[in-house]
Amino acid sequence: VNTKLRLALFVLVALVQLAVAGAAIYRSELALRTGEAFRFRIQPVDPADAFRGRYVAVRFAIDSAPLAEGTTVRPRKPVFIPIEVGADGYAAFGAADTKAPERGAYLRLRAGVVTPDEEGRTHVWVAMPFRRFYLNETLAPEAERAVWAGPRGRREASVSVRIRNGVGVIEELYIDDVPIHQWLAENREW
Amino acid sequence: LVATQALVGWIVLKRFHSTAWREGSATLLALTVAAAIALVDQTYHTGGDLESFLWRWSLLLAPLPWLLNSTAVAILFLAALTWWAGAAKVDGSHILVMWPLAAAVVPHLIRVMRSQRRGLRAANLQWAIAIFLCVAAGLGLENRVPGLWIVVYTGLFALMVALGAANRRDEDGLWRRPLEAVGGAGSIVLWLILSFDEPWRHIGWNHINTTEKFHEVASWVDVLMAVGLPLAALVAMALLLDRKRDRLAMLWGMSVPVIAVAWPVTAATDSKWIGMAAFNLLLFTVGLATLAEGVKGQNLGTVNLGMSVVAILVIVRFFDSGFGFIFKGLAFILVGIGFLAANFILARRLRSSEEEKS
C-alpha cells in the first residue's frame, strides 16, 4: 500500500472515529436542548467502571410496560414506549408497541423478557439505555448514602430526563427534589 | 482526538518507516479514542454498560493494526475484544461476531511474519494471539454438547505446539517461542484437569442440553472447532514437523489421537474412568519420554519439564487419594530429592562433556 492510499484510508478511519464520538454528542445535545423533560423515580447505587470511573447506577422504579393490544414483541428487538406523566408527577410508561407513536414523547428501548402479569396482561421488561449518572469519585458514594440514610430510612431520589425522538438523556439527579450537587453541598456535615 | 489524529497523519506521511514513531503514535491514538468515547459517555451519562464501551472501542480499533502497521495496537485490540466477549457472554449475548472481527489482525500478522519473522514484534504478536485464542475458544463455545471443550482445547494446544515447533529455527529463549510456551503450558494444565474424573462426567451426545435455548450457528461453530482443531493439529504434525528434529513436539501431540479415541468411547459408554485413565497414562508417558529426551539431548530445561510433569501428576494423584498424612509428606520430599539429584547428575555430566570438547 503506498503512502497516499494509506493516508486516505487513515483519514477515513479518523473521520469514523470522530463521527462515533460526534454523533453521541449531537444526539445527546439535541435531546438535552429540545427534548421534553420528565422526572423518573429511581434508586441509586454506587459502582465504578474500569474506564469511565465512578458513577451512580440508576435503577428505575418503573422497569416494565404493558404491551399494546394486538402486538407481539420479541426479546432483544426494539420497542417504542410512550412516556406519560403519572398522577404523582413522575414519568410512567404507556403501552409498548413495535412502531413509534405519532404524537407525544417516547423512548426507543430494547425489549427484555415478556411475561404476563396477574391480570393476564402481557408486560415487556426493559432496561433504560441511560442507567448511569457519572459523578466525582468522592461524591458518588455520598450520593448513595444520602438516599439510604434519609429520615424514614430512605429519601426520595429521581432523575430528570430529556426525551426527543426516542432518545433520552439524563439531565440531573435529584434527592428530595434538590439537584444532587446542591444537595450534597448543603448537607456536607454528616 | 483531532490532535492525535493529525499527529498520526503526519507520521503516515513522513515517518512511516520508523517503527518507534509508528507504534508509539498508533498506541497513543488507540488510547485517545478510548478516552474520547469515555469522556462523551461521562458528560452525557449515556453509553450503557462496560460491554457497550468495549464493543465500540474494539470496532474503532479494528482497522488500525493493519493500517498503521502497529503490533501494540493489535495487542490492545485483542485485549479489548476478549474483555468485551467475556462481558457479553456473562450478559447472555451472542459473541459469534468476535471471530470475524478478530480476523482484522490477520493481515497485520501476515505482514509482520513476512518482514521480521524472528523479530520481537512477531513474538509479541504471537503471544497476544495465542493467549487470545485460549480465552476466546472457551468464551466462544456454546456448550450445547457437554464436554466438547475437551476436544477443542486438546486440538488447540496440540496445534500451537506443532506450529511453534515448525516455526522454530533453534532460537533460544522462551519469549521468542510463544506458541510452544502457551501450547505446552496449556497442555499440562488441561491434561491435569482431564486426569480427574469430574470433567468426564455426563459428556457427549447422550447429554445434549435440550432445556436451554441455543444459538444455531454458534452450536455448529462448536462442532467445527471440535473437529477442525484436532485435525489441523494432525495435519500440521504430519506436514510441517521433521520426525527426527521435532520428536518432542510430536510427542506432545499424542494427545490428539488419545482424545480421538477416549472422548467418543467415554461419550458412548458413559464411563468416565476411560478418559481419566487415558490422560493419567498420557501425562505419565509424555512426562517420562520428555525426561528421556532431555537426558539424551543433554538439555536441562527439557529434563526439568519432563520431571515437572511426572512430579505434578504424582502429587496431584496423591492428594487426590486417601493416603495418610505422613506418607504424603514423605512422597513430597522424595519428589524434591529426585529433582535435585537428577539436576545435579545432569549438570555434572554436561560440564564434563563440555570439558571434553574444550
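Look a little higher up for the structure.
Residue positions are counted from 1 within each chain, in the order its sequence is given. Chain letters start at A and ligand numbers start at 1, both assigned in the order the entries are written. For a predicted model such as this one, the threshold for reporting local features is a pLDDT of at least 70, and the threshold for listing and counting side-chain atom pairs is 80 or more; totals across whole chains, interfaces and linings nevertheless cover every residue. As a rule here, side-chain values cover all heavy atoms of the structure and leave hydrogens and water aside.

**Focus: the overall build of chain B**
In step 1: For helices the rule is a DSSP run of H or I covering at least 4 residues; for strands it is a run of E covering at least 2, with both sets numbered from the N terminus onward. Helix and strand counts for chain B stand at 16 helices and 0 strands.
In step 2: A simple rule labels every residue: compare its accessible area, found with a 1.4 Å probe on the protein chains alone, to the largest value its type can have, and call it buried under 20%, exposed over 50%, or partly exposed in between. Classification of the 358 residues of chain B by burial places 49% in the buried group.
In step 3: Considering only residue pairs separated by 6 or more positions, chain B has 72% of its internal contacts joining residues 24 or more positions apart.
In step 4: Entry remark: accessible area of chain B is about 17300 Å², with carbon and sulfur atoms responsible for 70%.
In step 5: Chain B carries 29 positive and 23 negative side-chain charges, and their two centres are separated by 8 Å. The contact definition used throughout considers only heavy atoms, calling two residues in contact when any of these lie within 4.5 Å. Shrake-Rupley sampling with a 1.4 Å probe provides the accessible areas, and residues are treated as covered by the protein chains on show and by no other component. We count Lys and Arg on the positive side and Asp and Glu on the negative side, and we leave His and both chain ends out. Taken as the charge centre is NZ of Lys, CZ of Arg, CG of Asp or CD of Glu, depending on the residue.

**Details of helix α3 (residues 50–61) of chain B**
In step 1: Multiplying 1.5 Å by the residue count of a helix minus one yields the expected span of that helix. The end-to-end C-alpha distance of α3(B), which contains 12 residues, comes to 16 Å, matching closely the 16 Å that a straight helix rising 1.5 Å per residue would cover.
In step 2: Residues B:Leu50, B:Glu51, B:Phe53, B:Leu54, B:Arg56, B:Trp57, B:Ser58, B:Leu60 and B:Leu61 constitute the buried set of α3(B).

**A word on the sheet that holds strand β7 (residues 106–116) of chain A**
All names here are of chain A.
In step 1: At least two bridges found by DSSP between two strands is the condition for calling them paired. Ordered by their spatial adjacency, 5 strands build an open sheet running β4-β8-β7-β5-β6, and the pairing between neighbours is antiparallel. One side of each edge strand has no neighbouring strand; the edge strands of this open sheet are β4 (64–66) and β6 (91–93). Across the sheet, the axes of successive neighbouring strands diverge by a mean angle of 50 degrees, strand direction being ignored.
In step 2: With 3 bridges connecting them, strand β5 (residues 78–85) and β6 associate as antiparallel partners. Counted as the bridge partner of Glu-84 is Ala-92 from β6. Lines fitted to the C-alpha atoms define the axes, with helices restricted to the stretch that makes contact. Angles between their N-to-C directions range from 0 to 180 degrees.

**Section: a nonpolar patch on the surface**
Residues and elements named next belong to chain B.
In step 1: Residues with no salt bridge and a relative accessible area higher than 30% make up the patches, which join like charges within 9 Å and nonpolar side chains (Val, Leu, Ile, Met, Phe, Trp, Tyr) within 5 Å. Every case where a carboxyl oxygen of Asp or Glu lies within 4 Å of a side-chain nitrogen of Lys or Arg is listed as a salt bridge. The grouping of Phe-319, Phe-325, Ile-326, Leu-330, Phe-332, Ile-333, Leu-334 and Ile-337 at the surface amounts to a nonpolar patch, some 950 Å² of accessible area in total.
In step 2: Take the nonpolar patch: its biggest share by element is 7 residues, from helix α16 (residues 325–357).
In step 3: With respect to the element layout, Ile-333 can be found in helix α16.

**Remarks on the packing of helix α10 (residues 178–194) of chain B against helix α14 (residues 273–297) of chain B**
All names here are of chain B.
In step 1: At a minimum axis distance of 8 Å, the contact between α10 and α14 shows a crossing angle of 140 degrees. Between α10 and α14, the angle is such that the two are oblique. The crossing of α10 and α14 is left-handed. Across from Trp-191, Leu-192 and Leu-194 in α10, the residues of α14 making contact are Gly-275, Met-276, Phe-279, Leu-282, Leu-283 and Val-286.
In step 2: Throughout, the ten residues Ala, Val, Leu, Ile, Met, Phe, Trp, Tyr, Cys and Pro are labelled nonpolar, Asp, Glu, Lys and Arg are labelled charged, and all others, Gly among them, are labelled polar. Its residues placed into classes, the contact of α10 with α14 shows 8 nonpolar, 1 polar and no charged. To sort the angles, those under 35 degrees are grouped as roughly parallel, those over 145 as roughly antiparallel, those from 65 to 115 as roughly perpendicular, and the leftovers as oblique. Helix crossings get a hand from a simple test, with the near helix turned counterclockwise from the far one by less than a right angle marking a left-handed crossing and a clockwise turn marking a right-handed one.

**Details of unusual backbone geometry**
In step 1: Look at A:Asp176: it is not a glycine, yet its phi comes out positive at around 50 degrees.
In step 2: Inspection of the secondary structure puts A:Asp176 in the loop between β11 (167–175) and β12 (178–179).
In step 3: A:Asp176 sits in the partly exposed class, given a relative accessible area of 34%.
In step 4: Its identity is not glycine, yet B:Asn69 carries a phi of approximately 50 degrees, on the positive side.
In step 5: Within the fold, B:Asn69 resides in the loop between α4 (64–68) and α5 (71–90).
In step 6: The class of B:Asn69 is buried, set by a relative accessible area of 10%.

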